Amino acid sequence: MHAPLTDAAAPPIVLTRRRVNLIFSALLAGMLMAALDQTIVSTAMPTIVGDLGGVSHMAWMTTAYLLATTLVMPIYGKFGDLWGRRTLFLVAIGLFTVASFGAALSPDFTWLVIWRGVQGLGGGGLMILSQAIIADVVPARERAKYMGPIGALFGLSAVAGPLVGGFFTDSAALGWQWCFWVNVPVGLLAFTIGWFTLTLPRRRSTTPLDYAGIVALSATTTSLILFTDFGGSDGWGAGRTLAMLALFVVSVVAFVVIERRAVEPIIPMSLFGNRTFVVATALGLAVGLGMFSAIAFMPTFLQMSSGLSAANSGLLMLPMTGGIILTIQSSAGYIQKTGRYKVFTVAGVAVILAALIWMTTLSGATSLWTVGGMFFVLGAGLGLIMQNVVLAAQNAVAADQIGTATSTNNYFREVGATLGVAIFGTLFTSRLADNLVAALSDNARQAVQAGITSPETLVPAAVKAAGEPLRTAIIDAYANSLAPVFWYLVPILAVALVLALFLKEIPLSEHAGMVARGEAVESEEELARLTGPVQKVVLLDDDTRAPEGAFASRTES
């Protein structure tokens with residue numbers, strides 16, 4: 001295996017506090033764009049799918065984005081380790097911005113799903129590269145204090161996104177298309193900040209790229225997601241469902257064989273011999289499955305069952321934001337002082353498990369105060385664990401594998417999220433379609449008078465305007481379709497809780513990744529010692545002349 005080479009002409013970078021803060025500001029700009037987009041779209045989704053006639057395929061709005069994100073995560077991680085992360089980060093911003101432009105102009109639901117997939121190609125890079133770059137410039141022991149601003153950023157997005165998305169969706173003059181248009185100026189701003197402030201070393205690598213591994217991994221991920229989607233829509237014994245299952249099995253075997261032989265594998269199999277990395281990655285998968293499933297469809301439930309506007313349903317995410325910020329801030333300080341993080345990982349899984357069990361009691365009569373309490377508990381659990389599993393994975397590997405370890409950990413979390421949304425969404429939408437057909441059939445005359453002719457084109461405004469008993473029948477259809485599905489997540493989180501107890505706590509590193517790799521130093525004085533002038537010493541023994549430069553010493557300037 002050949003390690004990537006740093007440009008020999010470039011001196012080590014000095015990681016001053018100012019430089020670290022500038023780099024961190026560029027990362028926050030990129031992460032803000034990706035996080036804001038997710039929350040804006042979630043509240044607008046019922047109206048979008050209703051306008052474009054895609055209610056029964058609603059899950060693909062989220063699945064397409066998550067699938068694309070999952071596919072590219074390991075690629076960004078490995079390529080960042082080989083070539084450096086600056087250019088890749090700017091490419092990810094560019095992809096996300098262009099895709100937002102395309103999504104806003106989508107003429108139908110199919111094109112919207114395609115552009116959401118392209119957005120995922122950029123979003124996957126933004127999240128992976130941000131976490132890897134933080135590990136490059138900040139020691140693991142100090143990394144916890146950066147969790148606070150990151151948590152606050154996602155908290156801001158969780159508040160601002162639904163408000164902005166709801167405003168656009170409810171506005172007759174603008175419309176849901178502005179949920180995507182708004183990303184264009186934000187993306188241009190993030191690109192500009194990144195261009196001028198993201199100063200990172202460039203690398204060159206002579207190793208051949210693992211193209212076969214990339215293809216095999218893509219086939220594995222895609223076939224798995226399509227297997228779950230077809231299983232829910234066609235039945236688990238249907239022909240194309242079984243075909244996807246067979247393709248998945250073949251792809252997994254092929255991927256493992258390819259990676260064991262690759263010179264520079266996309267996902268090194270050696271990582272799975274690291275117990276701490278394996279447990280942290282398994283926890284990420286389980287939490288991703290539960291977290292995204294709950295968050296993806298709750299705004300839809302609230303809009304339909306409570307008659308709230310998109311903006312007001314988004315405001316109900318505020319308690320979750322408060323829970324995330326509260327637990328991230330409080331745990332970050334403790335981790336920085338003590339270096340202990342396992343206790344928060346265990347507590348986080350337990351709290352998420354409790355929140356999911358509570359969510360199974362949702363009904364059309366559940367008060368908004370109770371829903372807010374559910375969201376707060378879920379957010380508190382997420383704040384305790386979502387950064388710590390990445391920290392544990394990064395801290396368990398060598399400095400030259402930070403990007404690969406970060407992307408692999410996130411890859412399996414996104415696999416969990418994609419599986420969760422696909423399975424959860426399939427269960428929810430299939431039950432919903434049956435329940436809505438029954439509700440409209442039982443109140444057919446009233447449905448025609450209200451202009452509700454098909455479940456495919458049902459939007460929140462139509463439900464709110466419908467009279468009784470049709471309105472109650474529709475609300476009950478949503479409530480009875482969503483709440484019971486949370487029970488499918490409970491056993492998975494229970495297993496995750498057991499895994500968390502077996503997480504081995506490794507002492508946190510005191511050096512940033514770039515320092516450990518020799519690409520950076522922590523002070524100007526250290527740089528001066530490394531780059532001082534060289535004084536050549538030539539030793540002569542009678543007529544025998546030593547080769548020039550055979551002995552040399554470095555003096556400090």
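Residues numbered from 1 in each chain as written. Predicted model: local features only at pLDDT ≥ 70, side-chain atom pairs only at ≥ 80, totals over all residues. Heavy atoms only, no water.

*Asks:* So what's going on with the overall build of the chain? Which residues, and what values?
*Replies:* Each helix and strand in the chain was counted, giving 23 helices and eight strands. Residue burial in the chain is summarised as follows: out of 557 residues, 56% are buried. Summed over all atoms, the accessible surface of the chain reaches about 22400 Å², with 65% contributed by carbon and sulfur. (Helix = DSSP H or I, 4+ residues; strand = E, 2+ residues; numbered from the N terminus. Buried < 20%, exposed > 50% of the residue type's maximum accessible area, 1.4 Å probe, protein only. Areas by Shrake-Rupley, 256 points an atom, 1.4 Å probe, with all protein chains shown as cover.)

*Asks:* Quick one: what's the story with the packing of aromatic side chains, residue by residue and with numbers?
*Replies:* Two aromatic rings, taken as a pair, are described by how far apart their centres are and by the angle between their planes. Enumeration over the complete set of coordinates arrives at seven aromatic pairs. Note on Phe79 and Trp83: the rings are 4.7 Å apart at their centroids and 40° apart in plane angle, and the pair reads as tilted. Taken together, the positions of Phe79 and Trp83, both in helix 2 (residues 59-83) and four residues apart, correspond to about one turn of that helix. Note on Phe101 and Trp181: the rings are 5.1 Å apart at their centroids and 85° apart in plane angle, and the pair reads as edge-to-face. With Phe101 in helix 3 (residues 86-104) and Trp181 in helix 7 (residues 178-181), the pair connects residues that are 80 residues apart, well separated along the chain. Judged by its relative accessible area of 42%, Phe101 is partly exposed. Cluster of aromatic residues (ring-pair linked, three or more members): Phe272, Phe277, Tyr411 and Phe412. (Phe/Tyr/Trp six-rings, centres within 6.5 Å; stacked < 30°, edge-to-face > 60°.)

*Asks:* Which residues make up the packing of helix 17 (residues 402-442) against helix 20 (residues 470-482), and what are the values?
*Replies:* In contact at an axis separation of 8 Å, helix 17 and helix 20 are set at 155° when each is read in the N-to-C sense. As judged from the angle between their axes, helix 17 and helix 20 are roughly antiparallel. As for the relative orientation of helix 17 and helix 20, their crossing is right-handed in sense. Contacts between helix 17 and helix 20 involve Phe424, Phe428, Arg431, Leu432, Asn435, Leu436, Ala439 and Leu440 from the first element and Leu470, Ala473, Ile474, Ala477, Tyr478, Asn480, Ser481 and Leu482 from the second. Its residues assigned to classes, the contact of helix 17 with helix 20 shows twelve nonpolar, three polar and one charged. (Axes fitted to C-alpha atoms, helices over the stretch in contact; angles between N-to-C directions. Parallel < 35°, antiparallel > 145°, perpendicular 65-115°, else oblique. Left-handed = near helix turned anticlockwise from the far one by under 90°. Contact = heavy atoms within 4.5 Å. Nonpolar A, V, L, I, M, F, W, Y, C, P; charged D, E, K, R; others polar.)

*Asks:* Mind laying out the pattern of salt bridges, listing which residues take part and the relevant values?
*Replies:* Per the stated rule, a full pass over the model turns up four salt bridges. Here Arg85 makes a salt bridge to Asp136, at a shortest N to O gap of 2.7 Å. Taken together, the residues Arg85 in the loop between helix 2 and helix 3 and Asp136 in helix 4 (residues 109-137) connect sequence positions 51 residues apart. Side by side, Arg85 and Asp136 carry an identical accessibility label, which is buried. Of the charged contacts, one joins Glu505 and Arg340 as a salt bridge, the two residues approaching to 2.5 Å between their closest N and O atoms. Here Arg340 lies in the loop between helix 13 (318-338) and helix 14 (342-359) and Glu505 lies in the loop between helix 21 (490-501) and helix 22 (513-516), a separation of 165 residues in the sequence. Under the relative-accessibility criterion, Arg340 is labelled partly exposed at 47%. (Salt bridge = Lys/Arg side-chain N within 4 Å of Asp/Glu carboxyl O.)

*Asks:* Mind laying out the environment of Leu22, listing which residues take part and the relevant values?
*Replies:* The topology assignment puts Leu22 in helix 1 (residues 17-51). Along the sequence, Leu22 and Phe196 sit 174 residues apart, while their C-alpha atoms lie 9.3 Å from each other.

*Asks:* Please set out the confidence of the model for the chain residue by residue, giving values where relevant.
*Replies:* Parts of the model with low pLDDT should not have their predicted coordinates read in detail. With 81% of its residues at a pLDDT of 70 or more, the chain shows a mean pLDDT of 78. Note that pLDDT drops below 50 for residues 1-6; the model gives that stretch 17 contacts with residues more than four away or on any other chain. Contacts from residues 534-557, a stretch scored under 50 in pLDDT, to residues over four places away or in other chains number 25 contacts. (pLDDT = per-residue confidence, 0-100.)

*Asks:* A description of the nonpolar core should follow, citing residues and the corresponding values.
*Replies:* With 128 residues, the main nonpolar core has Leu362, Leu382 and Phe486 as its most contacted residues. Looking at this core element by element, the count peaks at 14 residues for helix 11 (residues 275-306). If you look at the next biggest cluster of nonpolar residues, it comprises 20 residues, including Val41, Phe109, Phe168 and Val182. (Core = buried A, V, L, I, M, F, W, Y, C linked by side-chain atoms within 4.5 Å.)

*Asks:* Describe in detail the packing of helix 4 against helix 17, supporting the description with residues and values.
*Replies:* One way to put it is that helix 4 packs onto helix 17 with a least axis distance of 9 Å and a crossing angle of 140°. For the pair helix 4 and helix 17, the crossing hand works out as right-handed. For the pair formed by helix 4 and helix 17, the contact residues are Ile128, Gln131, Ala132, Ala135 and Asp136 on the first element and Ile402, Gly403, Thr406, Ser407, Asn410 and Arg413 on the second. In terms of residue class, the contact of helix 4 with helix 17 is built from four nonpolar, five polar and two charged.

*Asks:* Give a description of the side chain of Ser331 that names residues and reports values.
*Replies:* Examined against the element boundaries, Ser331 turns out to sit in helix 13. Separated by 2.7 Å, the side chain of Ser331 and the backbone oxygen of Thr327 make a polar contact. (Polar contact = N/O pair within 3.5 Å; in protein donor to acceptor, adjacent residues only side chain to side chain.)

*Asks:* Help me get a handle on helix 15 (residues 368-385), residues and values and all.
*Replies:* Along an α-helix, residues three or four positions apart point the same way, because every turn accommodates 3.6 residues. Compared with the 26 Å implied by 1.5 Å per residue over 18 residues, the 26 Å span of helix 15 between its first and last C-alpha is a close match. Within the sequence span of helix 15, burial applies to Val371, Gly372, Met374, Phe375, Leu378, Gly379, Ala380, Gly381, Leu382, Gly383, Leu384 and Ile385. (Expected span 1.5 Å × (residues − 1).)

*Asks:* Before we move on, could you go through the side chain of Arg86 and cite the residues and values that matter?
*Replies:* Note on placement: Arg86 falls in helix 3. Buried within the structure, Arg86 lacks any salt-bridge partner; its nearest side chain of opposite charge belongs to Asp136, at an N-O separation of 12 Å. When neighbours within four sequence positions are excluded, Arg86 is seen to be in contact with Gly194, Trp195, Leu198, Leu200 and Arg202. (Lys, Arg positive; Asp, Glu negative; His and termini not counted.)

*Asks:* I'd like a rundown of a nonpolar patch on the surface, residues and numbers included.
*Replies:* A cluster of nonpolar side chains, contributed by Leu242, Leu245, Val249, Val253 and Val257, occupies part of the molecular surface with about 380 Å² of accessible area. We classify Leu245 as partly exposed; its relative accessible area is 33%. (Patch = residues over 30% accessible without salt bridge, like charges linked within 9 Å, V, L, I, M, F, W, Y side chains within 5 Å.)

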